[in-house]
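# Remarks on the overall topology
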Amino acid sequence: EAGVTQSPRYAVLQEGQAVSFWCDPISGHDTLYWYQQPRDQGPQLLVYFRDEAVIDNSQLPSDRFSAVRPKGTNSTLKIQSAKQGDTATYLCASRRTESNERLFFGHGTKLSVL
Amino acid sequence: AEKVIQVWSTASRQEGEELTLDCSYETSQVLYHLFWYKHLLSGEMVFLIRQTSSSTAKERSGRYSVVFQKSLKSISLIISALQPDDSGKYFCALWELRATGGNNKLTFGQGTVLSVIP
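Conventions adopted
Residues numbered from 1 in each chain as written. Chains lettered and ligands numbered in written order. Predicted model: local features only at pLDDT ≥ 70, side-chain atom pairs only at ≥ 80, totals over all residues. Heavy atoms only, no water. Helix = DSSP H or I, 4+ residues; strand = E, 2+ residues; numbered from the N terminus. Rg over C-alpha atoms; globule rule 2.2 N^0.38 Å. Buried < 20%, exposed > 50% of the residue type's maximum accessible area, 1.4 Å probe, protein only. Contact = heavy atoms within 4.5 Å. Salt bridge = Lys/Arg side-chain N within 4 Å of Asp/Glu carboxyl O. Buried area = accessible area lost by both parts, 1.4 Å probe. Polar contact = N/O pair within 3.5 Å; in protein donor to acceptor, adjacent residues only side chain to side chain. Nonpolar A, V, L, I, M, F, W, Y, C, P; charged D, E, K, R; others polar. Pairing = 2+ DSSP bridges. Phe/Tyr/Trp six-rings, centres within 6.5 Å; stacked < 30°, edge-to-face > 60°.

## Structural notes on the overall build of chain A
The number of helices and strands found in chain A is zero helices and eleven strands. In chain A, the succession of α and β elements from N to C terminus is β-β-β-β-β-β-β-β-β-β-β. The C-alpha atoms of chain A give a radius of gyration of 13 Å, which matches the 13 Å a tight globule of 114 residues would have. Principal axes of the C-alpha set define a box for chain A whose edges measure 40 × 25 × 20 Å. Classification of the 114 residues of chain A by burial places 47% in the buried group. Taking contacts inside chain A between residues at least 6 apart in sequence as the whole, the part at least 24 apart equals 53%.

Quick look at the structure:
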């Protein structure tokens, strides 16, 4: 079974630039999560979907961040006009709702905003 | 307020020793799960072990085991016979099970970086 796939692995931006992260969850996993992990901190939830619906985006900075999962499979997280404070690893995770609550994580995208 | 607290940010042990990593948490839910994950240098977050609040069993998986003190809202991860490959960052995480839908998400602690000296 293929794991959660994320791309790119790394991104380096100047402040003000935009970037998109892509996530392909494990096949059959209906729930998908995006976490932001600043250096030396634990992952913090940004947004999560069940199928194509956003369930919780309360921690997503809506002025510059957006996330979609149009067909309930792959997902894209986008940052418009990145700031230095966005420097972090962005982790995608997925799970099958009716199974136990274990999340399966991708390798993450490491973002540096200069 | 922080829901999951890992007091020690770093730890160091010799190969072959045993290590205990502590975690405390806050929840008003009766049913919840506690997870331990290891964050590898590659970026992958690897599941280690899970403890369910309603279980009295002492969970164990290979060299990993937990000590769950529900009344103290505390859970410790014990890693026996440490190996250099055990070096990495360990996270404790809480999953609250809510009776009426609600958010199903993992809340992580800050993590503890472990160094195992050969």
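## Considering the pattern of salt bridges
Counted according to the given criterion, the structure contains four salt bridges over all chains. Note that A:Asp56 and B:Lys105 form a salt bridge whose closest N and O atoms lie 3.4 Å from each other. Of this pair, A:Asp56 sits in strand β6 (residues 53–56) while B:Lys105 sits in the loop between β9 (88–96) and β10 (106–108), which puts the two residues in different chains. Residue B:Lys3 pairs with B:Glu96 through a salt bridge whose shortest N-O separation is 2.7 Å. Of this pair, B:Lys3 sits in the segment before β1 (4–5) while B:Glu96 sits in strand β9; the two residues are 93 residues apart in sequence, bridging distant segments of the chain. You can call B:Glu96 buried: its relative accessible area is 8%.

## Structural notes on the interface of chain B and chain A
Each partner contributes residues to the interface: chain B has 22 residues there, and chain A has 22 residues. Roughly 1800 Å² of surface becomes buried between chain B and chain A when both sides are summed, with 52% attributable to carbon and sulfur atoms. Counting the contacts that link chain B with chain A gives four residue pairs in polar contact (both at pLDDT 80 or more). Only β4 (32–39), β5 (45–52), β9 and β10 of chain B provide two or more residues apiece to the side of chain B that touches chain A. A total of four residues in the side of chain B that touches chain A trace back to one element, the largest contributor, which is β4(B). Considering only residue class, the side of chain B that touches chain A consists of nine nonpolar, nine polar and four charged.

## Some words on the sheet that holds strand β7 (residues 64–69) of chain B
Residue and element names in this part refer to chain B. One open sheet accounts for five strands, arranged β1-β3-β8-β7-β6; its pairing is antiparallel. Each end of this open sheet is capped by a strand with a single partner; those strands are β1 and β6 (60–61). Where β6 meets β7, two bridges bridge the pair, whose relative direction is antiparallel. Bridge pairing links serine 61 to tyrosine 64 in β7.

## A closer look at the environment of A:Val4
Residue and element names in this part refer to chain A. Looking at the element boundaries, valine 4 is found in the segment before β1 (5–7). Residues valine 4 and proline 43, 39 residues apart in the sequence, show an inter-C-alpha distance of 16 Å. Not counting chain neighbours up to four residues away, the residues in contact with valine 4 comprise Cys23, Asp24, Pro25, Ile26, Cys92, Ser94, Phe104, Phe105 and Gly106.

## Observations regarding the packing of aromatic side chains
Tallied over the entire structure, the rule returns 15 aromatic pairs over all chains. On the basis of an interplanar angle of 20° and a centroid distance of 4.8 Å, the ring pair of A:Tyr33 and A:Tyr48 is categorised as stacked. Pair noted here: A:Tyr33 is in strand β4 (residues 31–37) and A:Tyr48 is in strand β5 (residues 44–50), with a separation of 15 residues, a long-range link. Consider the rings of B:Phe91 and B:Phe108, whose centres lie 6.1 Å apart with planes at 90°: the pair is edge-to-face. Of the two residues, B:Phe91 is situated in strand β9 and B:Phe108 in strand β10; the sequence distance between them amounts to 17 residues. Taken individually, B:Phe91 and B:Phe108 each receive the classification buried, so the pair is uniform in this respect. By way of ring pairs, the aromatic residues A:Tyr33, A:Tyr35, A:Tyr48, A:Phe105, B:Phe35, B:Tyr37, B:Phe47, B:Phe91, B:Trp95 and B:Phe108 are connected into one cluster.

## Structural notes on the side chain of A:Gln6
Residue and element names in this part refer to chain A. Mapped onto the elements of the fold, glutamine 6 is located in strand β1. At 2.9 Å, the side chain of glutamine 6 and the backbone oxygen of tyrosine 90 are in polar contact. From its side chain, glutamine 6 meets the backbone nitrogen of cysteine 92 in a polar contact 2.9 Å long. When sequence neighbours within four positions are dropped, the list of residues in contact with glutamine 6 reads Trp22, Cys23, Trp34, Tyr90, Leu91, Cys92, Gly106, His107, Gly108 and Thr109.

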